[in-house]
Amino acid sequence: MFKGMPKIFWAGTALMYGWIFFFMILEMTIPGFPLKKFMGVPACYIYNWIIGLWLMNIMISFLYYTFEEKREEQIAARKNRKTQDAPTGVSGK
Amino acid sequence: MGVNPIVILGAVLYFAVIFYIGWYSRKASMDSSDFYVAGRKVGPIVNGSALAATYFSPASFLGLPAFIFILGYPFWWALVGIIGGMPIATLLTAAPLRKYAPTSFTDYYADRYDTKWLRLVAGIPTLIGGLAYVILSIVGTALFLLAILQIPFNLSVILASIVVFAYIYFGGMVATTISTAFQGFAMTVASVLAAGYVIFNFGGLNGLTDAVLANSGNFFNLPYVSETASHPLMATWTGVVGFFFVWHFGFSAMPYTVVRFFTTQDIKAARRSVFWAVTIGGAMYGGLVIIGTGARVLIETLHPLMQTEGITNAMGVLQHMKTAYGVAGASVTDYSMIAAVEGLKSPFLLSVLAAGGLAIAMATASGWTMVLNVLLGRDLLGKVFGSSWPEDKPVQATRVMTILIVFVCMLFAFKPPALVLDISGAAFIVILCSVGPPLILGIWWTRATTTAAITNILVMTTLSCGSWMYAKYKLGSYHWFFLSDPANKISTPHQFYWVFVGFIFFIVVSLMTKPCKDDVIQKYSLDIRPEE
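Starting from 1, residues in each chain are numbered consecutively following that chain's sequence as written. Throughout, the order in which chains and ligands are written sets their labels, letters from A for the former and numbers from 1 for the latter. Per-residue local features of the predicted model are confined to residues with pLDDT of at least 70, and side-chain atom pairs are confined, for both listing and counting, to 80 or more; whole-chain, interface and lining totals are unaffected and use all residues.

**Points about the overall build of chain B**
- Under the scheme used here, helices are H or I runs from DSSP no shorter than 4 residues and strands are E runs no shorter than 2 residues, and both carry numbers assigned from the N terminus. Helices and strands together make up the secondary structure of chain B, namely 24 helices and zero strands.
- The reference for a compact globule is 2.2 Å times residues^0.38; the radius of gyration itself is calculated from the C-alpha atoms. Over its C-alpha atoms chain B spans a radius of gyration of 22 Å, differing by no more than 12% from the 24 Å that the globule rule assigns to 532 residues.
- Projected onto its principal axes, the C-alpha positions of chain B cover 70 × 55 × 40 Å.
- Around each residue's C-beta, the other C-beta atoms within 10 Å are counted; 20 or more make the residue buried, 12 or fewer make it exposed, and counts in between make it partly exposed. All C-beta atoms are placed from the backbone. Out of the 532 residues belonging to chain B, those deemed buried represent 62%.

Here it is, written out as structure tokens:
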């Protein structure tokens, strides 16, 4: 199951679920956690609104497509090398 | 409150742009490839914006702020869940499905499971979810037309149906992709601008938070660490986590977004379009969080109707809208987002918001109507029952189906069965638990079988629809676990657990039944995965 899924997929999902459930657990164990001040505003605006909702997902989707494009370039380069190295069948004489 | 010419002008400008795009692209919709998948010529930014506009519906634009208004801060996590589910689609379904390059949503089921009857079976939950979505889109369009024109709700529903019908009738996938991309931009600008107004009105995020706490002291309360929950549905972790998961996997497996992966130029564009959809959609959701958070305090301190005799709180304002304009069913709570912006008393802002709201409603209506058109016409009439009409005359077939779909949905929209976000949640769970596992595991698991696909779709559609309605009938809300003791109810929003049960059920049945043929598995599972 999921054979061939790029490794970056698992790294991205681990980051996303890790971030979200870490802060959910903190909220349900530390009284008033969302309203504790961080960078001058209630912390929930930073970890939930700005990062959890937006920046983290932009970063993950960016990583997903850039890593895949790089991986595909490497595969294409490898194939090219193989094609060039392969015997052409033309006599050197 | 009366009709404001600036608000009308904003709506007229919006329609002018939309119909110009439709007119400009009319010649591009004349063959079936162009009509169904936009000739596979759409670039990542346009497709990303169109993806965001299609995926986010009035359930987002009206429903999410309304639910934050009702349930408080813990519901912010539901919005994080929706956007957080989008990047997953990049590699899970977008790239493989673009590599496979089908025309319609049910193509994959018929090919991967090697029977045309899966078109019919997969079509059942898709039809249920699709009709629900067109209904809520017509309701959303009607609520915004009501805000613009101040006309009775029933008249708004008829007008909204005509607008949605005309938009799809003259379009097809080319026009709807380009104009939907514009709509993605319009709705994001509207949401971000409105959030900016709200934050500025309270003098910053600290001012907004203080005002919300002064108005509603329980707003930021969470389960287990506060004496009183922000809302009874948010009194246990299952409520918070459940709402997070209701819409979370939708971007990967809902038909109206999956088909937009088919329209991109190539796999690279499909992956990049998810990035743009996250960027655009995330910005819009950021705005919706702020509007929903400030909605109650804005309505209760600034709305013009709060000076009216007898109205003492936000629900009173909404109740007034219900009686004054005949808004039917539960939909009046969906008006809370518009009422909050009305409180800011800026005709310019209201005109931008109305344009954004119309944009999001029409984009979703068109996206879903196209899915249903293709399902009923090309897939069922054509591929299952052998009619050549949908392939020979795709434009005519699509227009006939559009008339049927919009008319049926208009009848339901006169009295919506639930809040727009509740209709959306039900549609998501029904589709995700039934057709989600055969789609995702069909790509990523060679052992997925035809018997499991058929059984899973039929069993999960029945269980999710049945438990959802039973919970409402027996316990008064779709969000309680349907077998709960009425004296000690457990919050399981929209019976979300069926999505996970569906995957387990599909795996178990697959392991017990005969696998598909090797050449089918090779072509529709192994070959569409990333090259190693």
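What follows continues from the structure just given.
**Observations regarding the overall build of chain A**
- Counting its regular elements, chain A contains two helices and two strands.
- Its C-alpha atoms give chain A a radius of gyration of 23 Å, clearly above 12 Å, the size a compact globule of 93 residues would have.
- Evaluated residue by residue, chain A yields a buried proportion of 26% over its 93 residues.
- Pairs at least 24 residues apart make up 63% of the contacts formed inside chain A by residues separated by at least 6 positions. By definition, residue pairs are in contact when their C-beta atoms, positioned from the backbone, come within 7 Å.

**Topic: the interface of chain B and chain A**
- Of the residues lining the interface, 40 residues belong to chain B; the matching set on chain A comes to 37 residues.
- With 12 residues, helix α14 (residues 267–302) of chain B is the single largest residue contributor to the side of chain B that touches chain A.
- Grouping the constituent residues of the side of chain B that touches chain A by class yields 27 nonpolar, seven polar and six charged. Under the grouping applied here, Gly and all other residues not named as nonpolar or charged are polar, the nonpolar ones being Ala, Val, Leu, Ile, Met, Phe, Trp, Tyr, Cys and Pro and the charged ones Asp, Glu, Lys and Arg.

**Remarks on the packing of helix α20 (residues 420–434) of chain B against helix α22 (residues 450–475) of chain B**
All names here are of chain B.
- Where α20 contacts α22, the axes come no closer than 8 Å and their chain directions differ by 155 degrees. The orientation of α20 relative to α22 falls into the category roughly antiparallel. In the packing of α20 onto α22, the handedness of the crossing is right-handed. In this structure, α20 uses A426, I429, V430, C433 and S434 to contact α22, whose residues at the interface are N456, I457, M460, T461, S464, C465 and W468.
- Its residues placed into classes, the contact of α20 with α22 shows eight nonpolar, four polar and no charged. Lines fitted to C-alpha atoms define the axes here, with helix axes fitted over just the stretch in contact, and angles between the N-to-C directions of these axes take values from 0 to 180 degrees. Roughly parallel means an angle under 35 degrees; roughly antiparallel, over 145; roughly perpendicular, 65 to 115; everything else is oblique. Helix crossings fall into two classes, left-handed where the near helix is turned counterclockwise from the far one by less than a right angle and right-handed where it is turned clockwise.

**Section: the nonpolar core**
- We define a nonpolar core as a collection of buried residues of the types Ala, Val, Leu, Ile, Met, Phe, Trp, Tyr and Cys that are connected via C-beta atoms lying within 7 Å of each other. If you look at the biggest cluster of nonpolar residues, it comprises 209 residues, and the most contacted ones within it are L79, I138, A142, V164, A359 and I429 of chain B.
- Here L79 of chain B is in contact with L53 of chain A together with L64, Y285, L288 and V289 of chain B, once residues within four sequence places are set aside.

**Quick look at the packing of helix α8 (residues 153–169) of chain B against helix α17 (residues 347–384) of chain B**
All names here are of chain B.
- Look at α8 against α17: their axes get within 10 Å of each other, and the N-to-C directions meet at 55 degrees. When the axis of α8 is compared with that of α17, the two are oblique. In the crossing of α8 with α17, the sense of the turn from one axis to the other is right-handed. Listed contacts from α17 to V163, V164, Y167 and I168 of α8 are M362, A365, S366 and T369.
- A breakdown of the residues in the contact of α8 with α17 according to their chemical character gives six nonpolar, two polar and no charged.

**Quick look at unusual backbone geometry**
- Of note, the phi angle at F2 of chain A is positive, near 60 degrees, even though the residue is not glycine.
- Along the chain, the position of F2 of chain A falls in the segment before α1 (7–29).
- In this structure, H494 of chain B is a non-glycine residue whose phi angle is positive, near 55 degrees.
- Structurally, H494 of chain B can be placed in the loop between α22 and α23 (498–512).

**Comments concerning the confidence of the model for chain B**
- Scored from 0 to 100, pLDDT reflects the predictor's confidence in each residue. Mean pLDDT over chain B: 86, with 93% of residues reaching 70 or higher.
- Across the predicted assembly, pTM comes out at 0.90 and ipTM at 0.90.

**Description of α23 of chain B**
Residue and element names in this part refer to chain B.
- Over its 15 residues, α23 runs 21 Å from end to end, which matches the ideal 21 Å to within 8%, given 1.5 Å per residue.
- Every buried residue of α23 is accounted for by W498, V499, G502, F506 and S510. Each buried residue of α23 sits inside an arc of 105 degrees when the element is viewed along its axis, so together they form one side. Turned more than 90 degrees away from the buried face of α23, the exposed residues are I504, V508, L511 and M512.
- If you follow the buried residues of α23, they end up packed against α11 (237–246), α20, α21 (436–444) and α22. Residue count minus one, scaled by 1.5 Å, sets the expected span of a helix. Regarding the arc, it is the one traced by the directions from the helix axis to the C-beta atoms.

**Focus on the environment of R529 of chain B**
- On the secondary structure map, R529 of chain B appears in the segment after α24 (518–526).
- Using a count of 18 C-beta atoms within 10 Å as the deciding quantity, one classes R529 of chain B as partly exposed.
- Separated by 432 residues in sequence, R529 of chain B and L97 of chain B place their C-alpha atoms 9.0 Å apart.
- Residues within four places of R529 of chain B in sequence aside, it is in contact with G4 of chain A together with P96 of chain B.

**Quick notes on the environment of I8 of chain A**
Residue and element names in this part refer to chain A.
- Note on placement: I8 falls in helix α1.
- Residue classification places I8 among the partly exposed residues on the basis of 19 C-beta atoms within 10 Å.
- Here the alpha-carbon distance between I8 and L63, two residues 55 residues apart in the chain, equals 7.6 Å.
- Beyond its immediate sequence surroundings of up to four residues, I8 is in contact with L63, Y64 and F67.

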